Amino acid sequence: MPGPAGGDFSEEGGSTHPPRECWLHHEPSGPWSPGETCRRRLPGTGTAAGPAGGRPGRGGAAREAMQEAITITEQPVSVSVPVGYSFTLRCRAQGHTSLQYQWFCQYQSDCCLVPGATNQDLPIIAEQTQLYTCRVNDLHRNAVFSDWVKVEVHQCVARGLPPRLWQGEPVIVLNPREQRVEVGQPLQLQCAAMGVPAPSYQWYRNGNLLEQQKRKKLWIAHTKVSDSGTYLCCASNSHGEHWTNAVDVHIGTCGSGKFFATGKIALLVGNNRYQHHPNLMAPVRDVFELRRLLEHLGFQVVSLLDLNKAEMAAAVSQFLQLLGKGVYAIFYYAGHGYEHLGRNYMVPVDAPQPYAPENCISVQRILQKMQQQQTALNIILLDTCRKWYNPGRALSQVQPLEPWGNTVYGYSTSEDAEAYELHDGEFSSGIFMKYLKKHILQEKKVTYMLEDVLEDIGRDPLVTGKQVMEIRHTLKEARALTDPVCPSGAAAGHWGHGQELPSRAVTFPCGARVELRFLRLFSNLMFVCAKPQPPLAHVTDPQLLLRQLAETDDVAIQRESCLDHVETLLASVYKREELDCVFQLCALQKIQTDVVLQLDLHYTQPGTKQRTCESLQTTLQQSLLRQFFSLQRAPAHTGSVCPQDAMGPGADPKGSPGTDPKGSPGTDPKGSVGADPKGSPGTDPKGSPGTDPKGSPGTDPKGSPGTDPKGSLGTGSGRSLPSSSPSNFSSEPEENDESELGELCLALNQAGLGQDRP
């Protein structure tokens, strides 16, 4: 261990050696001749001090006799303390005569006697980092020195450290930071801890002890890819141990960009077909197009349509479990929604009228759970209305979010306002998505990109004075959706991957071969496509028909859940010749058994010219269909969310239909049943009949498809997002009557937010 000479302080506690020259003029008191100096015992060498120059030719026996004259029985110990902290260094020794003590200190290269420090104990008020040793001499001119110890003084520590009743146990004052290093370049991680005695350090990578890394600074001169991983350090002393935060280290060639993501994860939810509220048209296409754009940016995406309350909570829970340090996370929702005293709620497809928090999903709860995962970027995009409902309800207490500077909100509209859909023939799109897809691929800070979207919406004459986007954020770094991905683990590798089931071929008795392909437009909506394979020498005029066998509950759900115009989206992705025979499987999350499909081949026999039909059956396993959406209770996890978390307080008696002048279900924002946002019943913003704003229950959300002129505004989802300052968003105690999901919530509350050891 290097000594302190020249000011090169050892970074650890323990023995250090001062320069020999610093002792030439510090003589011990006692019967020494004038001008003589002591010959000190170098700490750890076992050599006792005697008269300088005194009988240098004496043998080892004489030296051992002198050494035994004084024995240090208690060495001082190094300490690591905050500035201003009071403590005492102790030294104890035994000898054949009375003993005398003198303390010395060294700061940088200066070594000097501590005036008046002639007792066994040296009281100190910590001011600056210094080295100390104690000289002990007897009346026979023998002297020994204690070990050198380091008094490390921390000038800046967080408020409240050390704890009020601190007993000297390790307290972490500096955590290591995440690093990205090119292969072959040096890596340095640093931590620091206070403690009495000063803590020792031990580093770990991926839970494995690193034998050579026992200092507060971890140093690897030439890194390899295998040095990547999660690092943390244990600081320990006789009072206990404490662990630093775990940090990810990425060794590779991720480019020279300043920022990167360890993963990119996105969950997109679009609710269209409501049981008790007007249906919507735009969320299907909006989710579809956003999914394709995010996949282009390197995101792993799960996109889901028409979820009830339990399904929405389960999807969010799985999404949160895959988030982690350094991840870029996007949550997008399009559908009905509303706002209540700065809190925003998403409306599931099974929510009853009127809107009530206990039947909806709290956006703020999701955001807080996202933050707990220490992601590098959290983006919430809500394409919903933000009309104020339930004004008489009390709002439960909200704790502020951590000030980590990583959160971005993109609201499709402003407070107490609607968000609109645009109907264009058979296609529908939200105004927000119309401009978001125009700018989302830009290589710029995400907040700047959203500002471009805001400006474009503001210039659209269809929504002038009716809809204006709102952006709120705490993003302190210039992170962009185009930043590269440098993975740190495989946890997120399953999210959004493998959505395409492998194709399979079937052969009919006549010899005709047909290929079955499984095409997912959404994670819970699939098309099964059948296409004859050449040659077809034994048949002419073949025609294929796919249908589902058995009248089961699953079949009934499929029939009810089928969406119009989705085949148009399919045709925009795949060639028309691949789509001769298609069968739509919707609401895959609801399927409880394997799906049996029957494929009928109708053809004409060349010889007899008779029309013939042959049939084959194929089975699709339930586990494959539902591979990205399971309603099974998720394991307890620090990032999991439960529907209990997602629900709001109890129903508001003042929110009954037709009584709330602020737009409760059954009335428009101005209180006129069936009126548009401007109060002109039955007209869209351009004067075309049949449109209304998103999220105004009791009005026509579809904009009268089939009669609405091209380009007219229709109403969209009652979509929503948080509306108070991001720093004030947090979790709140909210009620839920589903015991299974309540048990999950209880497990989450009992789970710790980290670990104390690797």
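Shown above is the structure to which this text applies.
In this text the structure is predicted, and so the values were computed from the model without any measurement.

Details of unusual backbone geometry
Thought 1: Residue P162 follows L161 across a cis peptide bond; omega there is -5°.
Thought 2: Assignment of secondary structure puts P162 in the loop between β10 (149-154) and β11 (171-174).
Thought 3: Look at the link from Q353 to P354: it is a cis peptide, with omega at -5°.
Thought 4: Structurally, P354 is set in the loop between β25 (343-346) and β26 (361-362).

Notes on helix α2 (residues 282-296)
Thought 1: Its 15 residues give α2 an end-to-end C-alpha distance of 22 Å, which sits within 8% of 21 Å, the value for a rise of 1.5 Å per residue.
Thought 2: Taken across its 15 residues, α2 has eleven buried, putting it largely inside the fold.
Thought 3: Looking at α2, one finds that the buried residues are A282, P283, V284, D286, V287, F288, E289, L290, R291, L293 and L294.
Thought 4: Immediately beyond the C-terminal end of α2, within one or two residues, lies G298, with a positive phi of roughly 95°.

Examining the sheet that holds β26
Thought 1: Taking strand neighbours across the sheet as the criterion, the three strands line up as β24-β25-β26 in an open arrangement whose pairing is antiparallel. If you trace the sheet from one side to the other, it starts and ends with β24 (337-340) and β26, each paired once.
Thought 2: In the sheet, β24 pairs with β25 via four bridges, with the strands oriented antiparallel. Bridge pairing links Y338 to Y345 in β25.

Quick word on the packing of α2 against helix α5 (residues 431-439)
Thought 1: Closest axis-to-axis distance for the α2/α5 pair is 10 Å, and the angle between their directions is 15°. Here α5 runs roughly parallel to α2, going by the angle between their axes. Between α2 and α5 the crossing geometry is left-handed. For the pair formed by α2 and α5, the contact residues are R285, D286, E289, L290 and L293 on the first element and M433, L436 and K437 on the second.
Thought 2: Of the residues contributing to the contact of α2 with α5, the split by class is four nonpolar, no polar and four charged.

Regarding the sheet that holds strand β28 (residues 407-411)
Thought 1: Judged by pairing direction, the sheet is mixed, and its six strands sit side by side in the order β22-β21-β23-β27-β28-β31 without closing on themselves. If you trace the sheet from one side to the other, it starts and ends with β22 (300-305) and β31 (470-473), each paired once. Strand-to-strand twist in this sheet, taken as the mean axis angle between neighbours without regard to direction, amounts to 10°.
Thought 2: In the sheet, strand β21 (residues 263-270) pairs with β22 via six bridges, with the strands oriented parallel. By the bridge assignment for β22, V269 is matched with L304.

Section: the nonpolar core
Thought 1: Grouped together as the largest cluster of nonpolar side chains are 52 residues, with contacts concentrated most on L294, L436 and L481.
Thought 2: Considering every element that reaches this core, the biggest residue donor is α2, with six residues.
Thought 3: Inspection of this core shows a minimum of three residues originating in each of domain 3 (263-473) and domain 4 (504-628).
Thought 4: Not counting chain neighbours up to four residues away, the residues in contact with L294 comprise A266, L268, F299, V301, I330 and I440.
Thought 5: Core analysis: the next-biggest nonpolar cluster, separate from the first, contains 36 residues, Y274, V327, A329 and V363 among them.

Let's talk about the side chain of D416
Thought 1: Along the chain, D416 falls in the loop between β28 and β29 (420-424).
Thought 2: A distance of 3.2 Å separates a polar atom in the side chain of D416 from a polar atom in the side chain of K387.
Thought 3: A polar contact is formed between the side chain of D416 and the backbone nitrogen of W388, at a distance of 3.2 Å.

About the criteria used
- Residues numbered from 1 in each chain as written.
- Predicted model: local features only at pLDDT ≥ 70, side-chain atom pairs only at ≥ 80, totals over all residues.
- Heavy atoms only, no water.
- Helix = DSSP H or I, 4+ residues; strand = E, 2+ residues; numbered from the N terminus.
- Expected span 1.5 Å × (residues − 1).
- Buried < 20%, exposed > 50% of the residue type's maximum accessible area, 1.4 Å probe, protein only.
- Pairing = 2+ DSSP bridges.
- Axes fitted to C-alpha atoms, helices over the stretch in contact; angles between N-to-C directions.
- Parallel < 35°, antiparallel > 145°, perpendicular 65-115°, else oblique.
- Left-handed = near helix turned anticlockwise from the far one by under 90°.
- Contact = heavy atoms within 4.5 Å.
- Nonpolar A, V, L, I, M, F, W, Y, C, P; charged D, E, K, R; others polar.
- Core = buried A, V, L, I, M, F, W, Y, C linked by side-chain atoms within 4.5 Å.
- Domains from an automatic or database assignment.
- Polar contact = N/O pair within 3.5 Å; in protein donor to acceptor, adjacent residues only side chain to side chain.

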